[in-house]
There are 2 protein chains.
Amino acid sequence: MKLATYKDASRDGQLVVVSRDLSTAHYATGIASKLQQVLDDWNFMSPQLQDLYETLNNGKARHAFPFAAAQCMAPLPRAYQWADGSAFINHVELLRRARNSAISENSELPFTFYTDPLMYQGGSDDFIGPCDDVVVASEAFGIDFEAEVAVITADVPMGASPNQALEGIRLVMLANDVSLRHLIPDEMVKGFGFFQSKPATAFSPVAVTLDELGDVWKGGRLHLTLQSTWNGRKVGMCDAGDEMTFHFGQLIAHICKTRNVRAGSVIGSGTVSNKDWRHGYSCIAEKRAIETIEDGQPKTEFMKFGDTIRIEAKGKDGQSVFGAIEQKVVSSAPPNDA
Amino acid sequence: MKLATYKDASRDGQLVVVSRDLSTAHYATGIASKLQQVLDDWNFMSPQLQDLYETLNNGKARHAFPFAAAQCMAPLPRAYQWADGSAFINHVELLRRARNSAISENSELPFTFYTDPLMYQGGSDDFIGPCDDVVVASEAFGIDFEAEVAVITADVPMGASPNQALEGIRLVMLANDVSLRHLIPDEMVKGFGFFQSKPATAFSPVAVTLDELGDVWKGGRLHLTLQSTWNGRKVGMCDAGDEMTFHFGQLIAHICKTRNVRAGSVIGSGTVSNKDWRHGYSCIAEKRAIETIEDGQPKTEFMKFGDTIRIEAKGKDGQSVFGAIEQKVVSSAPPNDA
């Protein structure tokens, strides 16, 4: 089934069930008002939502209405965890190669990068909807999109294996993990990871169950092409499946090494990235890396106020699976100088 | 007022109001069942809880019962954000000095460390109660406690100044930010910040409003002595006030540079640390740093299974303000080998 959260001026919005073709929706009132409730009690609530989903697909839901992505918050408007991997090692290799080609250093990744996933803990108190603006104080921060796949989990206990962790995946969606590239170098020096360089993350209009995905969900990976369209120009057609070095079960198990993962945790794949540059890019930093490797310096600039980004994945039938993330970059009031 | 969350086998527990002297409590049923609800709608709900608090203190609450810290979850058993600072720069200096004395390197901190707070994003989906066990897979991880002060916020908008951010502090509590020291070096090399090295964080039995703290809350700092007792031996009597380099408003404003902070965010001070070593230590890593500086190598070992840690702060009247964190370190089933 497909689930979304409609804006209603509350913090958690209203849970809606969305038809397979994303044309209609129906409030889940009477079953659950918030997605977190469903995740807290999945075995009881999800069959009821599934029934409503089937009725809706059959055109028999009595209070169905046309579905509008612009009315959506993130499927989970706020979550208890956002842990983002960098599971496409090609992305890591590319950025490192560009950085080191600039300073003539060895660009080989440490061996452990292929066995031990890179993951960072992100802020999850203020997720934004698929059509909400990306609000940034200054273009000088180096505004970049990052097209990703993300999953929402059940409870997964400390010590779970990657295969056990796969069983804890409830829903799949897309994410735009906006990054402020020019704030990253100073944060790397501090050693405490990304912080100010990661503003609010946006998610696709709908989150989709694994049974609904069918055979495009395989081995803990989403085997679909992620399309990134920047200012109306298609810049990325990257395969999100085969080249994902660590699958989602491995990412979740990485967290579980020292703690429990609780229901409603959101786990990201990191920028979807392919070895073959003809697939394009899912973040501008990669384009700039390629330019640096080829010409010694980057040519493409980061996003400006007014820029738009669209992120979408289509199924074998050509239909949008998760709906599209469609955001515009806008300026906030300038931050204080403290 | 003083608030706590009682265990009831649910994920969020039951909100209780606790008397000033921590002797009695009363369910907040009828006002709110969960602390997050109160934070979401503070101006409406907090006066009602304050009324109940006064009735309870006057011995007039009809269904009061003896308060038991062991029945407590963390005041917020799960939160939408946990951002932990390292606001006592003495802690940072000490650990750096020890590390560099071992490798004969310059130990001066970069100037920016005194103007730009160190903060990391932590996991907030699985906080643990004040008397819950610290569950770790292996002593070889280098198990350490970290005695801290933490606050819970209201909504604070992007761009807020440190002074504006101070207005967004709702509650104060204590934290044990357990750290797995031997997992930190490898995570530092990866550059994505702490992750597996930070297991579940524990919080004091009660969270306390600023008006209740009176003049020990000043300038965004808690002017009380934090007592750390390891295996029954008092090892730390550290002042949590004057030497906090960055106050809580500065820490919150640091987050607000690029995003909104939403109600129920938990912000930590980092290990409370004093320049005068006679105050002792609020984490074992500092003791080992001092030993390294003095003798070239650390002598004190990290925590073993069965070890206990008690963290508490007493008011001017000698009474416990937040109740005590009292935890035992225990072994989990061994983690998988993936």
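The structure presented is a predicted model; accordingly, all values stated were derived computationally and were not measured. Within each chain, residue numbers correspond to sequence positions counted from 1 in written order. To label them, take the chains in the order written and letter them from A, then take the ligands in the order written and number them from 1. Reporting of local features is limited, given that this is a predicted model, to residues whose pLDDT is at least 70; pairs of side-chain atoms are given and counted only at 80 or more, and all residues count toward the totals for whole chains, interfaces and linings. With hydrogens and water stripped out, all remaining heavy atoms of the structure feed into the side-chain values.

1. Observations regarding the overall build of chain A
Broken down by element type, chain A carries eight helices and 21 strands. With the radius of gyration taken over C-alpha atoms, the globule rule is written as 2.2 Å times the number of residues to the power 0.38. A compact globule built from 338 residues would reach a C-alpha radius of gyration of about 20 Å, and chain A, at 19 Å, matches this within 12%. Taking the principal axes of the C-alpha coordinates as reference, chain A spans close to 65 × 45 × 45 Å. Exposure is judged per residue with a 1.4 Å probe applied to protein chains only, and the accessible area is read against the type maximum: over 50% gives exposed, under 20% gives buried, and values in between give partly exposed. Each of the 338 residues in chain A was classed as buried or not, and the buried ones make up 63%. The contact rule is simple, with two residues in contact once any of their heavy atoms fall within 4.5 Å. Contacts spanning at least 24 positions in sequence make up 74% of the contacts within chain A whose residues lie at least 6 apart. A helix here means a DSSP run of H or I that spans at least four residues, while a strand means a run of E at least two residues long, and both kinds are numbered starting from the N terminus.

2. Focus on the interface of chain A and chain B
In this assembly, 57 residues from chain A lie in contact with 57 residues from chain B. By convention, the term buried area covers the 1.4 Å-probe accessible surface removed from two parts as they join, with the contributions of both added. In terms of surface lost to chain B, no three residues of chain A exceed Tyr 80, Phe 192 and Phe 195 of chain A, which account for 18% of the buried area on that side. Salt bridges are defined as contacts in which a side-chain nitrogen from Lys or Arg sits within 4 Å of a carboxyl oxygen from Asp or Glu. Our count for the chain A to chain B interface comes out at 12 salt bridges. Across the pair Arg 262 of chain B and Asp 126 of chain A runs a salt bridge, and its minimum N-O distance is 3.1 Å. For the purposes of these results, a polar contact is taken to be a pair of N or O atoms within 3.5 Å, where, inside protein, one atom must be able to donate a hydrogen and its partner to accept one; residues adjacent in sequence count only when each atom of the pair is a side-chain atom. Taken together, the links from chain A to chain B amount to 30 residue pairs in polar contact (both at pLDDT 80 or more). Looking at the side of chain A that touches chain B, the elements with two or more residues in it are helix H1 (35–40), strand E6 (81–85), strand E7 (119–122), helix H5 (184–190) and helix H7 (248–256) of chain A. Ranked by residues supplied to the side of chain A that touches chain B, first place goes to E7 of chain A with four residues. Nonpolar residues are Ala, Val, Leu, Ile, Met, Phe, Trp, Tyr, Cys and Pro. Charged residues are Asp, Glu, Lys and Arg, and all others, Gly as well, are polar. Its residues assigned to classes, the side of chain A that touches chain B comprises 27 nonpolar, 17 polar and 13 charged.

3. Some remarks on the confidence of the model for chain A
Averaged over every residue, the pLDDT of chain A is 95; residues scoring 70 or more account for 96%. Taken over the whole predicted complex, pTM reads 0.96, whereas the ipTM for its chain interfaces reads 0.96. On a scale of 0 to 100, pLDDT captures the predictor's confidence in every residue.

4. A few points about helix H8 (residues 284–295) of chain A
Expected span of a helix: the number of residues minus one, times 1.5 Å. Compared with an ideal rise of 1.5 Å per residue, which puts 12 residues at 16 Å, H8 of chain A spans 16 Å between its outermost C-alpha atoms and is within 8% of the ideal. Taken from the residues just after H8 of chain A, Gly 296 of chain A is the one with a positive phi, measuring 85 degrees.

5. Some points on the sheet that holds strand E17 (residues 225–230) of chain A
Residue and element names in this part refer to chain A. One bridge is not enough; two strands pair if DSSP finds at least two bridges between them. Spatial strand order, E8-E21-E20-E17-E18: five strands in an open sheet with mixed pairing. Strands with a single pairing partner mark the edges of an open sheet, and in this sheet they are strand E8 (134–136) and strand E18 (233–239). Strand-to-strand twist in this sheet, taken as the mean axis angle between neighbours without regard to direction, amounts to 20 degrees. Two elements, E17 and strand E20 (residues 308–313), share five bridges in a ladder whose sense is antiparallel. Bridge assignment links Leu 226 to a residue of E20, and that residue is Ala 313. Lines are fitted to the C-alpha atoms to define the axes, a helix being fitted only along its stretch in contact, and any angle between axes, read from their N-to-C directions, falls within 0 to 180 degrees.

6. Examining the sheet that holds strand E20 (residues 325–331) of chain B
All names here are of chain B. Spatially, five strands are ordered E7-E20-E19-E16-E17 in an open sheet, and the strand pairing comes out mixed. Bordering the open sheet on either side are strand E7 (134–136) and strand E17 (233–239), each of which pairs with just one other strand. Neighbouring strand axes in the sheet, compared pairwise and without regard to direction, differ in orientation by 20 degrees on average. With four bridges joining them, strand E19 (residues 308–313) and E20 adopt antiparallel strand pairing.

7. Here we look at the pattern of salt bridges
Scanning all chains against the criterion turns up 44 salt bridges over all chains. Across the salt bridge formed by Glu 212 of chain B and Arg 20 of chain B, the nearest N and O atoms sit 2.6 Å from each other. With Glu 212 of chain B in helix H6 (residues 210–213) and Arg 20 of chain B in the loop between strand E2 (14–18) and strand E3 (24–27), this residue pair connects regions lying 192 residues apart in the sequence. Owing to a relative accessible area of 18%, Glu 212 of chain B belongs among the buried residues under this scheme. Residues joined in a network through salt bridges with shared partners are Arg 11, Asp 12, Lys 34, Arg 78 and Asp 126 of chain A together with Asp 40, Asp 155 and Arg 262 of chain B.

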